[in-house]
Each structure stands twice: as structure tokens, then as C-alpha cells.
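Residue strings, one per chain:
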Amino acid sequence: QVQLVESGGGLVQAGGSLRLSCASSGSIFRLNEMGWYRQAPGKQRELVALITSGGTTNYADSVKGRFTISRDNAKNTVYLQMNSLKPEDTAVYYCNVDYWQDAFRKKSSWGQGTQVTVSS
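Residue numbers here run from 1 along each chain, matching the order of that chain's written sequence. Local features are withheld for residues below a pLDDT of 70 in this predicted model, meaning they are given only at 70 or higher, and side-chain atom pairs are given and counted only at 80 or more; totals for whole chains, interfaces and linings count all residues. With hydrogens and water set aside, each side-chain value is computed from the structure's full complement of heavy atoms.

## Quick notes on the pattern of salt bridges
For step 1, the next point in the chain: Salt bridge, as applied in this entry: a Lys or Arg side-chain nitrogen positioned within 4 Å of an Asp or Glu carboxyl oxygen. Evaluated as defined, the whole model comprises 5 salt bridges.
For step 2, the next point in the chain: Across the pair Arg38 and Asp89 runs a salt bridge, and its minimum N-O distance is 3.0 Å. Taken together, the residues span a long stretch of sequence, with Arg38 in strand 4 (residues 30-39) and Asp89 in the loop between strand 8 (77-82) and strand 9 (91-100) at a distance of 51 residues.
For step 3, the next point in the chain: Using a relative accessible area of 1% as the deciding quantity, one classes Asp89 as buried. A run of DSSP states H or I qualifies as a helix once it reaches four residues; a run of E qualifies as a strand once it reaches two. Both are numbered from the N-terminal end. Relative accessibility decides the category of a residue: with a 1.4 Å probe and only protein chains considered, values under 20% of the type maximum give buried, values over 50% give exposed, and everything between is partly exposed.

In C-alpha cells, the structure reads:
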């Protein structure tokens, strides 16, 4: 089983920045796609950003140009740099990791979530 530990959330004023981290540990043969999702109160969980094992990135339109996803494969960690934050970015942010547990079994794991609150 793989454990994901998220950190970096908090309270920030509009226009400010935060950097989220998600460290993976456990039985990992190879990491595949890593991503960040968010869920605001009363809304469905939505994709924020994805990064493939090769470094290709994909972003939600609402965060393009403001957020940057990156990964450190040596540390099994994915990051989300969030700049120019807006009140509508307020949500619980979750990381998700797709990985190979061995040469045959592909699995997915979610972090516990970290709260990001942007005040106006």
C-alpha cells in the first residue's frame, strides 16, 4: 500500500501564493501519473493539474497561468505552486498518484487533503 502525505495548505490573502507538496511512500515499483484535485463546499471534486511520468502537464482552464505542477521522482513527491490566488480557489486540495505496485499491478492512491483558504 502507498501512503500520501500532503502539506502546504493554509490561509492566504487574494493575490498571494502557496506551495503544496505530496510525498509518496510505501510499496512503489514505478510512479505513473500524479495530480492535484480540489473540492469546494457543495461542489464536486475537480481536476486542477496533472503531470505524467514524462513531465507532460495538463491544467484546468481556471488555473492556467497561475498554478504550476512539478514532480521530483527521486523523492516520489509532487508539488503544486499556486500564485495569484483567488477566493474561488478556496477548497480542500487532494493529491492523487497512479503507480505500479509491481510489474503487473497498477493502482491509485489519494492523499488525505489539505485545506486552502483564500481571503478577499
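## Here we look at the environment of Thr68
For step 1, the next point in the chain: Examined against the element boundaries, Thr68 turns out to sit in strand 7 (residues 67-72).
For step 2, the next point in the chain: Note on Thr68: relative accessible area 41%, which makes it partly exposed.
For step 3, the next point in the chain: In this structure, the C-alpha to C-alpha distance between Thr68 and Arg19, residues 49 residues apart in sequence, is 9.4 Å.
For step 4, the next point in the chain: Contacts: residue pairs with any heavy atoms within 4.5 Å of one another. In contact with Thr68, other than residues within four places in its own chain, are Tyr59, Tyr79, Leu80 and Gln81.

## Section: the pairing of strand 5 (residues 46-51)
For step 1, the next point in the chain: DSSP bridges decide pairing: two strands pair if at least two such bridges lie between them. With 5 bridges joining them, strand 4 and strand 5 adopt antiparallel strand pairing. What sits directly across from Gly35, in strand 5, is Leu50.
For step 2, the next point in the chain: Of the strand pairs in this sheet, strand 5 and strand 6 (residues 57-59) are connected by 3 bridges, and their pairing is antiparallel. Its bridge partner being in strand 6, Ile51 is matched across the sheet by Thr57.
For step 3, the next point in the chain: With antiparallel pairing between neighbouring strands as the criterion, strand 5 and strand 6 make up a hairpin whose turn holds 5 residues, including Gly55 at a positive phi of roughly 95°.

## Here's the deal with the state of the cysteines
Put plainly, a disulfide is one covalent bond tying together the sulfur atoms of two cysteines.
For step 1, the next point in the chain: Cysteine sulfur atoms are paired as a disulfide whenever they come within 2.5 Å of each other. Using the criterion set out here, one finds 1 disulfide in the structure.
For step 2, the next point in the chain: Across the disulfide, Cys22 is cross-linked to Cys95 (sulfur-sulfur distance 2.0 Å). With the S-S bond torsion at 40°, the cross-link from Cys22 to Cys95 turns out right-handed. With Cys22 in strand 3 (residues 18-26) and Cys95 in strand 9, this residue pair connects regions lying 73 residues apart in the sequence. In this structure, Cys22 and Cys95 share a single accessibility class: buried.

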